[in-house]
Amino acid sequence: MEEKIEKIVESLGKKNIQAEFKEDPLGTEMILNVGPQHPATHGVLRLVLKLDGEYIVDAVPELGYLHRGKEKIAENMTFLEFLPHTDRMDYLAPLSNNTAYMLAVEKLFGIEAPKRAQYIRVIVSELSRIASHLVWLGTFAMDVGALTVFMWCFREREKILSIFDLVTGVRFTTSYARIGGVAQDITDEAIHAIREFIDNFPKELAQMEKLLNKNRIFIERTDGIGVITKEQAIDIGLTGPNLRAVGVPRDLRKDEPYLVYNELDFDIPVYEEGDCLARYYVRLDEMRESVKIIRQCIEKLPSGPVKADEPKATHPKKERIYTKMEELIHDFILTNFGGTPPVGEVYHAVENPKGELGFYIVSDGTGYPWRLKVKSPSFANIQALPLMLKGYMIADLVAIIGSIDPVMGEADK
Amino acid sequence: MTKDKILEKLTNFFKEDIVEFSEFRGELTIVVKKEKIVEVCKFLKEDPDLSFDYLVDICGVDYYREKDRFAVVYNLWSLKNKFRLRLKVYVDESDLVVPSVTSVWSAANWHERETFDMFGIKFSGHPDLRRIYMPEDFEYYPLRKDFPLQGIPGSIPLPGREKVKIQQG
């Protein structure tokens, strides 16, 4: 017996245990594929994870499952024709995408929308911010196990979609903005509906908060989970509410005021922690700020036209096309060949619900963009995902993906 | 922070490396020599006055011309000065290699992968230069102007084809 033990000890002594550890003979590390068809990845995001037991050692996100070649499509159509495609990028906030794209085109053409149109754009952008954040809040809460909030959020979002129906004529893929303005004026009925909504919404939001803010399960699943430091976040290019949740007060509505944001009074919520809970608080506060913005806009809404009178850039009014020769020619040229922008390149970015959404347009002087690049916020946010995932447990994966609010239609373009 | 100040600083440090600069609609574009892009980026990021610490975007442009066919465009933002700057390098078709700026901003990683995927511009020193949207074995670069809008028939195997073949066989 003793001989045997001695032999074992001797053989163990000869072995290079250090090398075996590195090679991991027991196979504690495991490769796990998540997605692209997985309910918790909010779309067709695929992640390849390296696991050590239940802990995530490394993560590699894979994109491209929803790649539709929007940038190639854009090069082959006039500036206005591309508008419906912007609806389908961040499909949770189509109205702010429309506005973002049109602002870039207007910058290229060198025109500006009338004041009333700008106010309407702000109202619909902020409404779509609330709608987008509501979808996020609902699905995020559902991801960590609170199903009621999901129902409540979608009930509130339904009200916003009904308002969009009144304002734009459709509920979802709106294509509402036009070069130099918006498609149609906002009616009194719609303004009444918006006012009713913003009067009611803070109360409803408070109700939702009551379900979550002191919910022990929710707090424990989000507090201190998915932490990213300020330096890391800036280095990796994190954007939107996720960046504001690490203490960087970057909001393009304040930094580079577009539309009429410099005439409005609102705050930028910033939290320092950089975890899932901070991202939750940022978005919650943003919804309240949006309500504030919409209320001011409705009060200040000036009267006047909703579309610029720029025959070389944007379509004239229908009744004038039918009665005036000049307008008919402009309409024909604009529809068939697009406008005539100057040669040059512009970049315009807005603060979308997800972050900085920018359009970079290279123009060669024809009615078609020579190159159109979409800087999508979800793309940048997903790039930061591995940094947030490392060291956390696989159960936290769902909460972390949920907290950065990715939309794959936009990340994949 | 004004445009003149940025230009002054840049021209002081990189005299011959600034090819040209232009302004359109209030946006400053600086064209830099391809070989010097990493140094220029590092300078722009680390200079305490400029501090362009946030990389917004990198993208490619295909001008479809004889000389300097492609361009790589860097879109920078300074969190301190709240200022935007566009850097540009021209890339000739015969030498499609640009030094990678991933050592300056980690954010460049995916943006450079996207540019490689869409235009075939290679970034030397990139840690993981794989295609990001298109399949790994795709042979073409879809955003080049000579790639047709409708695609090249047979370049991507469509799902379900194998079954059809088996049934026919």
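Calculation rules
- Residues numbered from 1 in each chain as written.
- Chains lettered and ligands numbered in written order.
- Predicted model: local features only at pLDDT ≥ 70, side-chain atom pairs only at ≥ 80, totals over all residues.
- Helix = DSSP H or I, 4+ residues; strand = E, 2+ residues; numbered from the N terminus.
- Buried ≥ 20, exposed ≤ 12 C-beta atoms within 10 Å, placed from the backbone.
- Contact = placed C-beta atoms within 7 Å.
- pLDDT = per-residue confidence, 0-100.
- Pairing = 2+ DSSP bridges.
- Axes fitted to C-alpha atoms, helices over the stretch in contact; angles between N-to-C directions.
- Core = buried A, V, L, I, M, F, W, Y, C linked by C-beta atoms within 7 Å.
- Expected span 1.5 Å × (residues − 1).
- Bend = angle between axes of the 7 residues up to and from the residue.
- Parallel < 35°, antiparallel > 145°, perpendicular 65-115°, else oblique.
- Left-handed = near helix turned anticlockwise from the far one by under 90°.
- Nonpolar A, V, L, I, M, F, W, Y, C, P; charged D, E, K, R; others polar.

A.B. asks: Lay out the overall build of chain B with the relevant residues and their values.
C.D. replies: Counting its secondary structure elements, chain B contains four helices and seven strands. By principal-axis analysis of the C-alpha atoms, chain B measures approximately 70 × 30 × 30 Å. Classification of the 169 residues of chain B by burial places 36% in the buried group. If you take every contact in chain B between residues at least 6 apart in sequence, the share linking residues at least 24 apart comes to 47%.

A.B. asks: Explain the overall build of chain A to me, using residue names and the numbers behind them.
C.D. replies: Each helix and strand in chain A was counted, giving 19 helices and eight strands. Structurally, chain A occupies a C-alpha span of about 110 × 50 × 35 Å along its principal axes. Buried residues in chain A amount to 49% of all 413 residues. Within chain A, contacts between residues separated by at least 24 positions form 71% of all contacts whose residues are at least 6 apart in sequence.

A.B. asks: Explain the confidence of the model for chain B to me, and be specific about the residues and the numbers.
C.D. replies: Averaged over all residues, the pLDDT of chain B is 85; the fraction at 70 or higher stands at 93%. Here the complex is predicted with pTM 0.87, and the ipTM for its interfaces comes to 0.89.

A.B. asks: Break down the interface of chain A and chain B for me, citing the residues and quoting the values.
C.D. replies: Between chain A and chain B, the contact holds 30 residues from the first and 25 residues from the second. Counting only elements with at least two residues in the side of chain A that touches chain B, the list comes to α3 (70–75), α10 (230–236), β6 (344–351), β7 (356–363), β8 (369–375) and α16 (377–383) of chain A.

A.B. asks: Which residues make up the sheet that holds strand β2 (residues 27–32) of chain B, and what values do they have?
C.D. replies: All names here are of chain B. If you walk across this open sheet you meet the five strands as β1-β2-β5-β4-β3, and the pairing is mixed. Each of the sheet's edge strands pairs with one partner strand only, and the pair in question is β1 (18–24) and β3 (54–62). Across the sheet, the mean angle from the axis of one strand to that of its neighbour is 20 degrees, orientation sign disregarded. Where β3 meets strand β4 (residues 70–78), eight bridges bridge the pair, whose relative direction is antiparallel. Each bridged residue has a counterpart across the sheet, and for Gly60 the counterpart in β4 is Val72. Seen against the sheet, helix α1 (residues 3–13) touches β1, β2 and β5 (83–91) and runs at an angle of roughly 175 degrees to β1. Running at roughly 10 degrees to β3, helix α3 (residues 108–119) makes contact with β3 and β4 of the sheet.

A.B. asks: Pulling in residues and values, what's your account of the nonpolar core?
C.D. replies: Judged by nonpolar contacts, the single largest core of 157 residues is most densely connected at Ala104, Ile123 and Ile400 of chain A together with Val72 and Leu76 of chain B. With 15 residues, the single largest contributor to this core is helix α6 (residues 115–143) of chain A. In this structure, Leu76 of chain B is in contact with Leu44, Phe52, Leu55, Val56, Leu85 and Leu87 of chain B, ignoring residues within four places of it in sequence.

A.B. asks: Talk me through the sheet that holds strand β1 (residues 29–34) of chain A; I want residue IDs and the actual numbers.
C.D. replies: All names here are of chain A. The antiparallel open sheet is built from three strands, whose spatial order is β1-β2-β3. The sheet is open, and its two edges are formed by β1 and β3 (55–62), each paired on a single side. Averaged over all pairs of adjacent strands, the angle between strand axes in this sheet comes to 20 degrees, irrespective of strand direction. Judged from the six bridges that link them, β1 and strand β2 (residues 46–52) form a sheet pairing that is antiparallel. When the sheet's bridge partners are listed, Asn33 is paired in β2 with Val48.

A.B. asks: Mind laying out helix α8 (residues 188–212) of chain A, listing which residues take part and the relevant values?
C.D. replies: Residues and elements named next belong to chain A. For α8, which comprises 25 residues, the first-to-last C-alpha distance of 36 Å matches the rise-based estimate of 36 Å (1.5 Å per residue) to within 8%. Helix geometry: α8 is bent most strongly at Phe201, by close to 35 degrees, with proline Pro202 lying one to four residues after it. Turning to α8, its buried residues are Ala190, Ile194, Ile198, Phe201, Leu205, Met208 and Leu212. Looking at the packing, one finds that the buried side of α8 touches α6, α7 (147–168), α9 (216–222) and α13 (276–300).

A.B. asks: Could you give me a rundown of the packing of α6 of chain A against α13 of chain A, with the residues and numbers involved?
C.D. replies: Residues and elements named next belong to chain A. One way to put it is that α6 packs onto α13 with a least axis distance of 9 Å and a crossing angle of 155 degrees. Relative to α13, α6 is oriented roughly antiparallel. Judged by the twist between their axes, the crossing of α6 over α13 is left-handed. Contact residues: Tyr119, Val122, Ile123, Glu126, Leu127, Arg129, Ile130, His133, Trp136, Leu137 and Phe140 in α6; Tyr280, Arg283, Glu286, Met287, Ser290, Ile293, Ile294, Cys297, Ile298 and Lys300 in α13. Considering only residue class, the contact of α6 with α13 consists of 14 nonpolar, two polar and five charged.

A.B. asks: Could you give an account of the confidence of the model for chain A, with specific residues and numbers?
C.D. replies: Scored by pLDDT, chain A comes out at a mean of 87, with 95% of its residues at no less than 70. Confidence scores differ between elements of chain A, with helix α2 (residues 17–23) of chain A showing the lowest mean pLDDT of 53 and β7 of chain A the highest of 92.

A.B. asks: Hey, could you go over the pairing of β6 of chain A for me, with residue numbers and the actual values?
C.D. replies: Most of β6 of chain A is tucked away: seven of the eight residues are buried. From the end of β6 of chain A to the start of β7 of chain A, which pair antiparallel, there are four residues, and Gly355 of chain A there has a positive phi angle of about 145 degrees.

A.B. asks: With reference to specific residues and values, describe the environment of Pro157 of chain B.
C.D. replies: Position of Pro157 of chain B relative to the elements: it lies in the loop between β7 (122–124) and α4 (161–168). Note on Pro157 of chain B: 10 C-beta atoms within 10 Å, which makes it exposed.

A.B. asks: Requested: an account of the pairing of β4 of chain B, with residues and values cited.
C.D. replies: In summary, the side chains of a regular strand alternate between the two faces of the sheet. Residues and elements named next belong to chain B. The element β4 is extensively covered by neighbouring structure, given that eight of its nine residues are classed as buried. Across nine bridges, β4 lies against β5 in antiparallel orientation. Its bridge partner being in β5, Val73 is matched across the sheet by Lys88. Between the end of β4 and the start of β5, which pair antiparallel, lie four residues, with Lys82 showing a positive phi angle near 50 degrees.

A.B. asks: Quick rundown of the environment of Ser155 of chain B? Include the residues and the values.
C.D. replies: All names here are of chain B. With respect to the element layout, Ser155 can be found in the loop between β7 and α4. Residue Ser155 is classed as partly exposed on the basis of its 14 C-beta neighbours within 10 Å. Taking the C-alpha atoms as reference points, Ser155 and Leu76, separated by 79 residues in sequence, lie 36 Å from one another. With sequence-adjacent residues up to four places away left out, Ser155 is seen in contact with Phe138, Glu139 and Tyr140.

A.B. asks: Give a detailed account of the packing of helix α5 (residues 94–109) of chain A against α6 of chain A, specifying residues and quantitative values.
C.D. replies: All names here are of chain A. Packing of α5 against α6 brings their axes to within 7 Å, and their N-to-C directions diverge by 140 degrees. Considering the angle they form, α5 stands oblique to α6. The two elements α5 and α6 cross, and the hand of that crossing is left-handed. Here Pro94, Leu95, Ser96 and Thr99 of α5 come into contact with α6, specifically with Arg121, Val124, Ser125, Ser128 and Arg129. Split into classes, the residues belonging to the contact of α5 with α6 amount to three nonpolar, four polar and two charged.

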